[in-house]
Amino acid sequence: MKYNKMFLLVLVLVPWLSVPMLGKRNFKRFLPAAFFITCWISVESILAKRRVWWRFYDRLIPNVMGELPFLLGPFLIGSIWILKFTFGNFFRYLIVNLVTDFLFSYPGMFILKRMGIVSLVRLKHYQMGILFMAKSVLMYGFQFMVEKSQKKPKSLIKRLLP
């Protein structure tokens, strides 16, 4: 159990070491969408707990949702990285998310179960993959709307000024 807590702590911290390589502009640009989907998953986790989709056996902090290390580490930062390299090409975005979601849903979940951290209960691996892909599309749509709303005022100002 002690090693699991160390693993979960590393899981949170290591992705944050890559943030300087993202660049300040990209971090600020894609953080709203990544934060939105992280909040969405936090709410989804409440539903998942009630419906027993998965069960966390070991947590970084007792009595705090087990998903937290995954959300604050690889998911939040990984989402920003994926958006950085794929935003503007939806097909590439879907392929990258399909691969990462598959890797987490299948070998990732088997490893986490073997470690005694989390296991699926009423959710099958393919259902988790579908759930992840739906959230990926939601996040891309959110980022698209953010970018669209940021461009709209500029074009409006250009139309008003001679």
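A quick note: this is a predicted structure, and the numbers were derived from the prediction, not measured.

Enquirer: Just to check I follow, could you spell out the overall build of the protein chain for this structure?
Expert: A count of helices and strands for the protein chain gives six helices and two strands. For the protein chain, the sequential pattern of α-helices and β-strands runs α-α-α-β-α-α-β-α. Split into buried and exposed, the 162 residues of the protein chain put 39% on the buried side. When contacts within the protein chain are restricted to residue pairs at least 6 apart in sequence, those whose partners lie at least 24 apart make up 77%. When the accessible surface of the protein chain is split by element, carbon and sulfur atoms take 72% of a total near 10500 Å². Averaging the coordinates of the 24 positive side-chain charges in the protein chain and doing the same for the 5 negative ones gives two points 6 Å apart.

Enquirer: What am I meant to see in the packing of aromatic side chains here?
Expert: For any two aromatic rings, the description comes down to two numbers: the centre-to-centre distance and the angle of the planes. In total, this model carries 14 aromatic pairs according to the counting rule given. Relative to Tyr140, the ring of Phe90 has its centre 4.8 Å away and its plane inclined at 65°; by these criteria the two rings are edge-to-face. Of this pair, Phe90 sits in helix α5 (residues 90–115) while Tyr140 sits in helix α6 (residues 125–160); the two residues are 50 residues apart in sequence, bridging distant segments of the chain. Three or more aromatic residues link up through ring pairs in this structure, and these residues are Phe30, Phe87, Phe90, Tyr93 and Tyr140.

Enquirer: Is there a simple way to explain the side chain of Ser79 in this structure?
Expert: Take Ser79: it is sitting in helix α4 (residues 68–86). When its relative accessible area of 6% is taken as the criterion, Ser79 is described as buried. Setting aside residues no more than four positions away along its own chain, Ser79 makes contact with Ala34, Pro74 and Met139.

Enquirer: Can you help me understand the packing of α4 against α5 in this one?
Expert: The relative placement of two packed helices comes down to the angle between their axes together with the axis-to-axis distance. The interhelical angle for the contact between α4 and α5, taken along N-to-C directions, is 155°, at an axis separation of 10 Å. Between α4 and α5, the interaxial angle falls into the category roughly antiparallel. Note that α4 runs across α5; the crossing there is right-handed. Together, Phe70, Ile82, Leu83, Phe85 and Thr86 of α4 and Arg92, Tyr93, Val96, Asn97, Thr100, Phe104 and Leu112 of α5 make up the contact between the two elements. Along the lines of polarity and charge, the residues of the contact of α4 with α5 split into eight nonpolar, three polar and one charged.

Enquirer: Please explain the UniProt feature "transmembrane region" (unreviewed entry) in the protein chain as it appears in this structure.
Expert: The UniProt feature table records "transmembrane region" (unreviewed entry) at residues 30–47, 68–87, 93–113 and 125–146. Between the end C-alpha atoms of residues 93–113 the distance is 28 Å, and the span holds 100% helix and 0% strand. In residues 125–146, helix accounts for 100% and strand for 0%; the two terminal C-alpha atoms are 32 Å from one another.

Enquirer: Looking at this structure, how should I read the pattern of salt bridges?
Expert: Between side chains of opposite charge, pairing is possible as soon as their charged atoms come close. Tallied over the entire structure, the rule returns three salt bridges. In this structure, Lys5 and Asp58 form a salt bridge, with 3.6 Å as the shortest nitrogen-oxygen distance. Here Lys5 is found in helix α1 (residues 2–17), whereas its partner Asp58 is found in the loop between β1 (54–56) and α4, with 53 residues between them in sequence. Given the relative accessible area of 5%, Asp58 is considered buried. In this structure, Glu44 and Lys135 form a salt bridge, with 2.7 Å as the shortest nitrogen-oxygen distance. With a gap of 91 residues between them, Glu44 in helix α3 (residues 24–51) and Lys135 in helix α6 connect regions that are remote in the sequence. Lys135 matches Glu44 in its accessibility class, with the two residues each being buried.

Enquirer: Teacher, can you tell me more about α5 here?
Expert: Spacing of three or four residues puts side chains on the same side of an α-helix, whose turn is 3.6 residues. Taking 1.5 Å as the rise per residue, α5 with 26 residues should run 38 Å; its terminal C-alpha atoms sit 35 Å apart, in good agreement. Its maximal kink placed at Gly108, α5 deviates by approximately 40°. If you check which residues of α5 are buried, you get Tyr93, Asn97, Asp101, Ser105, Gly108, Met109 and Leu112. Directly beyond the C-terminal end of α5, a positive phi value near 80° is found at Gly116.

What counts, and at which threshold
Residues numbered from 1 in each chain as written. Predicted model: local features only at pLDDT ≥ 70, side-chain atom pairs only at ≥ 80, totals over all residues. Heavy atoms only, no water. Helix = DSSP H or I, 4+ residues; strand = E, 2+ residues; numbered from the N terminus. Buried < 20%, exposed > 50% of the residue type's maximum accessible area, 1.4 Å probe, protein only. Contact = heavy atoms within 4.5 Å. Areas by Shrake-Rupley, 256 points an atom, 1.4 Å probe, with all protein chains shown as cover. Lys, Arg positive; Asp, Glu negative; His and termini not counted. Charge placed at Lys NZ, Arg CZ, Asp CG, Glu CD. Phe/Tyr/Trp six-rings, centres within 6.5 Å; stacked < 30°, edge-to-face > 60°. Axes fitted to C-alpha atoms, helices over the stretch in contact; angles between N-to-C directions. Parallel < 35°, antiparallel > 145°, perpendicular 65-115°, else oblique. Left-handed = near helix turned anticlockwise from the far one by under 90°. Nonpolar A, V, L, I, M, F, W, Y, C, P; charged D, E, K, R; others polar. UniProt positions renumbered as here; feature names shortened; annotations may be inferred. Salt bridge = Lys/Arg side-chain N within 4 Å of Asp/Glu carboxyl O. Expected span 1.5 Å × (residues − 1). Bend = angle between axes of the 7 residues up to and from the residue.

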